[in-house]
Amino acid sequence: MDVTLAVIYHDPQGQLYQQIVRTLPTLTNIFGGLTVRASHTADKRSVALFASAGAVVQIQSLEQAAEGPKLGLARRTAVALALQLNYPFVFYCDCDRILHWADWYPEELARVAARVVDYDFTMLGRTNRAFDSHPRIQRDTEAIVNHVFQVVSGHAWDVVAGARGISRRAAEAILAGCSDEQVSTDVSWPLFLKRAGGFSLGYIPAEGLEFETADRYGDDVARVGGQAQWLAQLDADPRQWAHRLDLARLEIEGMVPYVEKV
């Protein structure tokens, strides 16, 4: 496989540890290489597990952690690490999503990983069913982001699933010319490449990008009577809505510089 996997990993409580144990063989079988940018407080057992599987791991410094969460910066770092492995393509995915994908849809993940070599930038989104598996706090706010992205770019894509394929030359262009350090890398990376010209962009919807967060809250889900009840609790919490609305605002602000130039 000419593709290396790049992920960011946080999970201070180690809630994803057992899932990492289960899925690392699948991930190392599918991808030619693996790079992990871990947060300063990431679970040390899991970080060691990644390293023992041959992953290139970089842990966030205390100084970087003190600057607050910068999801885009973490993603940039993960991609930069992946380029060091000298594979022609990078498959970037948020860690919890790739673990769920490998756990539940390994054959689909392998097929999609093989297809990202078809474009310089492949946006990996969710099928309608996968999108609808999320709570309303995500469906409603992320639908707004997807709508605005379509208005700005002309592409009716799901852009906020936290996964994409990137050729080496596209990744190098992004790292050199797109300085976005926020969650809005979801939208700024493809818009940057579209404005630059000379890069092919494609889209693949996937079932495996369904709602993954419940994987690490099994006890809480069981306590309230199942996933439907747990999702209802999320949707009933105004703080969750405020958080998701703020993320949507950042995503939309990230598109503003490209409105007149796309």
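Everything in this summary refers to the structure shown in the same document. Every value quoted in this text rests on a predicted model; they were computed, and no experiment measured them.

1. Description of the environment of A102
- Summarising the element assignment, A102 is placed in helix α5 (residues 95-104).
- Residue classification places A102 among the buried positions, given a relative accessible area of 4%.
- A C-alpha to C-alpha distance of 16 Å links A102 and Y9, two positions 93 residues apart in sequence.
- Ignoring sequence-local partners within four residues, the contact set of A102 consists of T23, T26, L27 and L109.

2. A word on the pattern of salt bridges
- Considering all chains together, one arrives at 19 salt bridges under this definition.
- Notably, a salt bridge pairs E181 with K70, separated by 3.4 Å at the nearest N-O pair. Of this pair, E181 sits in the loop between α9 (168-177) and α10 (185-196) while K70 sits in the loop between α3 (62-66) and α4 (71-83), and the two are 111 residues apart along the sequence.
- The exposure class assigned to E181 is partly exposed, which follows from its relative accessible area of 27%.

3. Considering the sheet that holds strand β5 (residues 121-126)
- Pairing is mixed in the open sheet, where seven strands are placed in the order β3-β2-β1-β4-β6-β5-β7. Lying at the two open borders of the sheet, with one neighbouring strand each, are β3 (56-59) and β7 (201-206). Along the sheet, successive strands turn relative to each other by an average axial angle of 20°, direction set aside.
- By the bridge criterion, three bridges tie β5 to strand β6 (residues 163-167) in an arrangement that is antiparallel. Along β6, the bridge assignment pairs M123 with R164.
- Against the sheet, helix α2 (residues 44-52) contacts β1 (3-9), β2 (33-38) and β3, and its axis sits at roughly 150° relative to β3.

4. Quick look at the pairing of β5
- Burial analysis of β5 places six of its six residues in the buried class, the great majority of the element.
- The alternating pattern of β5 places F121, M123 and G125 on one face and T122, L124 and R126 on the opposite face, and all of these are buried.
- Here β5 runs beside β7; their pairing, made up of six bridges, is parallel. Its bridge partner lying in β7, R126 is registered against A206.

5. Focus: the packing of aromatic side chains
- Applying the stated criterion across every chain yields a total of six aromatic pairs.
- Arranged with centres 5.6 Å apart and planes meeting at 5°, the rings of W157 and Y203 form a pair that is stacked. With a gap of 46 residues between them, W157 in the loop between α8 (136-153) and β6 and Y203 in strand β7 connect regions that are remote in the sequence.
- Overall, W157 belongs to the buried group, its relative accessible area being 11%.
- The class for Y203 is partly exposed, based on a relative accessible area of 23%.
- Between F211 and W230, the ring centres sit 6.3 Å apart and the planes meet at 40°, which makes this aromatic pair tilted. Of this pair, F211 sits in the loop between β7 and α11 (218-223) while W230 is found in helix α12 (residues 227-235), placing the two residues 19 residues apart along the sequence. For the pair formed by F211 and W230, the shared burial category is buried.
- Over the face of the ring belonging to Y17 we find R45, whose NZ or CZ atom lies 3.8 Å from the ring centre.

Basis of the calculations
The written sequence of each chain sets the order in which its residues are numbered from 1. Per-residue local features are limited, in this predicted model, to residues with pLDDT of at least 70; the limit for side-chain atom pairs, both in listing and counting, is 80 or more; totals at the level of whole chains, interfaces and linings are taken over all residues. With hydrogens and water set aside, each side-chain value is computed from the structure's full complement of heavy atoms. Segments assigned H or I by DSSP are reported as helices when at least four residues long, segments assigned E as strands when at least two residues long, and all are numbered from the N terminus. Each residue is assigned to one of three classes by its accessible area relative to the maximum for its type, calculated with a 1.4 Å probe on protein chains only: buried under 20%, partly exposed between the two thresholds, exposed over 50%. For this analysis, residues touch if any pair of their heavy atoms sits within 4.5 Å. Salt bridges, as used here, are contacts in which a Lys or Arg side-chain nitrogen is within 4 Å of a carboxyl oxygen on Asp or Glu. We call two strands paired when DSSP finds no fewer than two bridges between them. Here an axis means a line fitted to C-alpha atoms, over the contact stretch when the element is a helix, while the angle between two N-to-C directions is reported on a 0 to 180 degree scale. What counts as a ring pair is set by centres within 6.5 Å for rings of Phe, Tyr and Trp (its six-membered ring), and what kind of pair is set by the plane angle: stacked under 30 degrees, edge-to-face over 60, tilted for all other angles. To sit over a ring, a charge needs its Lys NZ or Arg CZ within 6 Å of the ring centre and within 35 degrees of the ring normal.

Read these as layout, nothing more, since geometry by itself doesn't imply function.
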